[in-house]
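# Structural characterization, general
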Amino acid sequence: MSTRCVSRNRLLKIYRRLLRRFGPQKWWPARTPFEVAIGAILTQNTSWSNVERAIRNLRQAGCLSLRALDRLAAAELARLIRPSGYYNMKARRLKSFLSFLKERHAGSLKKMSRRPLPFLRRQLLGVNGIGPETADSILLYALGKPVFVVDAYTRRFCGRHGLAAPDAGYEELQALFGRHLPAQVPLFNEYHALIVRLGKEHCRKTKPDCAPCPLHEDL
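For the structure given in this document, a descriptive report is provided here. (Residues numbered from 1 in each chain as written. Predicted model: local features only at pLDDT ≥ 70, side-chain atom pairs only at ≥ 80, totals over all residues. Heavy atoms only, no water.)

### With respect to helix α3 (residues 48–60)
Taking 1.5 Å of rise per residue, the 13 residues of α3 would be expected to cover 18 Å, and the 18 Å separating its terminal C-alpha atoms lies within 8% of that figure. Listing the buried residues of α3 in full gives W48, N50, V51, A54, I55 and L58. The buried side chains of α3 occupy one side of the element, clustering within an arc of 150° when seen end-on. Of the surrounding secondary structure, the elements contacted by the buried residues of α3 are α2 (33–42), α4 (66–71) and α5 (74–80). Backbone geometry just after α3 places G62 at a positive phi near 70°. (Helix = DSSP H or I, 4+ residues; strand = E, 2+ residues; numbered from the N terminus. Expected span 1.5 Å × (residues − 1). Buried < 20%, exposed > 50% of the residue type's maximum accessible area, 1.4 Å probe, protein only. Arc of directions from axis to C-beta. Contact = heavy atoms within 4.5 Å.)

### Concerning the pattern of salt bridges
All told, the structure shown has six salt bridges when counted by the stated rule. In this structure, the salt-bridge partner of R59 is E35, at a minimum N-O distance of 2.7 Å. Of this pair, R59 sits in helix α3 while E35 sits in helix α2, and the two are 24 residues apart along the sequence. Residue classification places R59 among the partly exposed residues on the basis of a relative accessible area of 28%. Its relative accessible area of 7% is what places E35 among the buried residues. In this structure, R121 engages E171 in a salt bridge whose closest nitrogen and oxygen atoms are separated by 3.4 Å. Placement of the pair is R121 in helix α8 (residues 117–125) and E171 in helix α11 (residues 170–180), with a sequence separation of 50 residues. Here R121 falls in the buried class, since its relative accessible area comes to 14%. The network of salt bridges with shared partners includes R121, D136 and E171. (Salt bridge = Lys/Arg side-chain N within 4 Å of Asp/Glu carboxyl O.)

In structure tokens form, the structure reads like this:
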């Protein structure tokens, strides 16, 4: 793969084009870091609109705190998050995360955020049901750690624009951004959110809308 494809200048040029077209995305849409972490688990294998409905149910039930969620029976939790799909499995995963947060970080995301990024990532990946994308979403959006989140939109975008091979793995894609961009939380946050916006509006899995895409011209 040519140096041009993965240069810092090219990645920043893409970022500026996306930002100019779409504007700031204000992502992650949540009221508290704890809500971000819950949303990161709920968004697995579903759309964000479904997660919003589940979050709304939890908020209306007064259950968007560690103490309230911890007291909630698994069956009732599953009922409240039903709109997010796979609700029984996600209820178990949420309970596992709550146990982890209590046992390892005294139930405090603020205390958790004081620990170094590599250490926290290893810990999160050891929690049942938390894979790289979910772990990194919690690290970036809830804890303010400079780690780039890779999802299906990122894979599609990188493959189609020659930034990486279509079958590139998670760590390879993450390293692409981490190696060529300054490790800044606001930049990683906004860049990922803009890629998601691009994927939804133009770089779709089927029937991509390339002509009006802000990246249509060769970069």
